[in-house]
Amino acid sequence: MTDETFHLASDPATVAYTAYQASVKLATTRSQERSQAVQAMARSLKAYQNEVLEANTLDLEASREMAVPELILEWLKLTPERIQTTVQILQQLSELPDPLGRVITAAHPVAHYQTYSQLMPLGVISLIYEAFPELSAIAAGLCIKTGNSLIVKGGSEASNSNFIIAQALHAAIAQTGLPPHCFQMLSSDQGGQVRDLVTQDQYISLVIPYGRPSLVQQIVRLATAPVLKTAMGNCYLYWSP
């Protein structure tokens, strides 16, 4: 199963502009339309499972030959269980109430004034990540559900896996009639694109780097758009009576 109409994007400036245009249209769509699109993503990813696993095998073999660290190999590896978990996450996202337009109490009330907050889309979000091929699908589900466009750029170690997953997501978006540029993927083999992407602050509302600390620090250093810094570490549970 393939979608011949999908192509990796090459020019960050054009990608950012078209993603911004799509976000304006996406923000006006109905909740049902966005939920149906996320459901379609889940179905499409499930239908593409065999192709995704085959592509992931190629990525793992190439990474081992290039002596990629074991940690990255573990992040990179996909299994039927990991894909099924991603499908379930998308299905659960599609069933959540629409967050857009919801009015909540303002976090910082002002004396003698009635204050409130209303949830609205950010606009365009860019995810730059290492390995973890399933991240693009989860991020796409979150963004579509909340009315945001998404631009993703994965690492070269997962190029085959990322491309097939992007094909699956693109097919679902095309099927549901949402703006086609609301999800775009940049080629992973052009390093200069990162700098050109994270400086498109006139169109990109938020950049999220996910991976080793060196990647996060590089994005923070280069970006002129706002960056959501992420960190990886050990998680502990302390249980006491």
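The structure we're discussing is the one just above.
Residues numbered from 1 in each chain as written. Predicted model: local features only at pLDDT ≥ 70, side-chain atom pairs only at ≥ 80, totals over all residues. Heavy atoms only, no water.

Section: the overall build of the protein chain
Argument step 1. For the protein chain, the helix and strand inventory stands at 9 helices and 6 strands.
Argument step 2. Relative to the compact-globule value of 18 Å for 241 residues, the protein chain shows a C-alpha radius of gyration of 19 Å, a close match.
Argument step 3. With respect to the three principal axes, the spread of C-alpha positions in the protein chain is 65 × 45 × 45 Å.
Argument step 4. For the protein chain, the proportion of its 241 residues judged to be buried stands at 47%.
Argument step 5. Sequence-distant contacts in the protein chain: of pairs separated by 6 or more residues, those separated by 24 or more amount to 75%.
Argument step 6. Roughly 12900 Å² of accessible area belongs to the protein chain as shown, and the carbon and sulfur atoms make up 55% of that amount.
Argument step 7. The distance from the centre of the 15 positive side-chain charges to the centre of the 20 negative ones in the protein chain is 9 Å. (Helix = DSSP H or I, 4+ residues; strand = E, 2+ residues; numbered from the N terminus. Rg over C-alpha atoms; globule rule 2.2 N^0.38 Å. Buried < 20%, exposed > 50% of the residue type's maximum accessible area, 1.4 Å probe, protein only. Contact = heavy atoms within 4.5 Å. Areas by Shrake-Rupley, 256 points an atom, 1.4 Å probe, with all protein chains shown as cover. Lys, Arg positive; Asp, Glu negative; His and termini not counted. Charge placed at Lys NZ, Arg CZ, Asp CG, Glu CD.)

Describing the sheet that holds strand E5 (residues 183-185)
Argument step 1. Within the open sheet, the 4 strands sit side by side as E5-E4-E3-E6. Their pairing is parallel. Each of the sheet's edge strands pairs with one partner strand only, and the pair in question is E5 and strand E6 (206-210). On average, each strand axis in the sheet is tilted by 15° relative to the strand beside it, whichever way the strands run.
Argument step 2. In terms of strand pairing, strand E3 (residues 124-129) meets strand E4 (residues 149-153) through 5 bridges, oriented parallel. Of the residues in E4, the one forming a bridge with Ile128 is Lys153.
Argument step 3. Each of E3, E4 and E5 is contacted by helix H1 (residues 12-26), which is oriented at about 150° to E4, the strand it contacts most.
Argument step 4. Those strands touched by helix H9 (residues 213-222) are E3 and E6, and its axis lies near 160° from that of E6. (Pairing = 2+ DSSP bridges. Axes fitted to C-alpha atoms, helices over the stretch in contact; angles between N-to-C directions.)

Observations concerning the environment of Tyr20
Argument step 1. Looking at where Tyr20 falls in the secondary structure, it is placed in helix H1.
Argument step 2. Under the relative-accessibility criterion, Tyr20 is labelled partly exposed at 37%.
Argument step 3. A C-alpha to C-alpha distance of 7.3 Å links Tyr20 and Ile204, two positions 184 residues apart in sequence.

Quick word on the nonpolar core
Argument step 1. Core analysis: the biggest nonpolar cluster contains 51 residues, and Met41, Leu45, Val52, Leu127, Ile144, Leu150 and Phe183 have the highest contact counts within it.
Argument step 2. The element contributing the most residues to this core is helix H7 (residues 159-176), with 7 residues.
Argument step 3. Contact partners of Met41, with chain neighbours within four places excluded, come to Leu90, Ala140, Gly141, Ile144, Leu169, Ala172 and Ile173.
Argument step 4. Residues Ala9, Val15, Val124 and Ala225 belong to the second largest nonpolar core, which totals 17 residues. (Core = buried A, V, L, I, M, F, W, Y, C linked by side-chain atoms within 4.5 Å.)

Points about the pattern of salt bridges
Argument step 1. In the structure shown here, the tally under the stated rule is 5 salt bridges.
Argument step 2. Across the pair Glu74 and Arg82 runs a salt bridge, and its minimum N-O distance is 3.1 Å.
Argument step 3. Linking Arg195 and Asp196 is a salt bridge whose minimum nitrogen-to-oxygen distance equals 3.8 Å.
Argument step 4. Accessibility expressed as a relative area gives 32% for Asp196, which makes it partly exposed. (Salt bridge = Lys/Arg side-chain N within 4 Å of Asp/Glu carboxyl O.)

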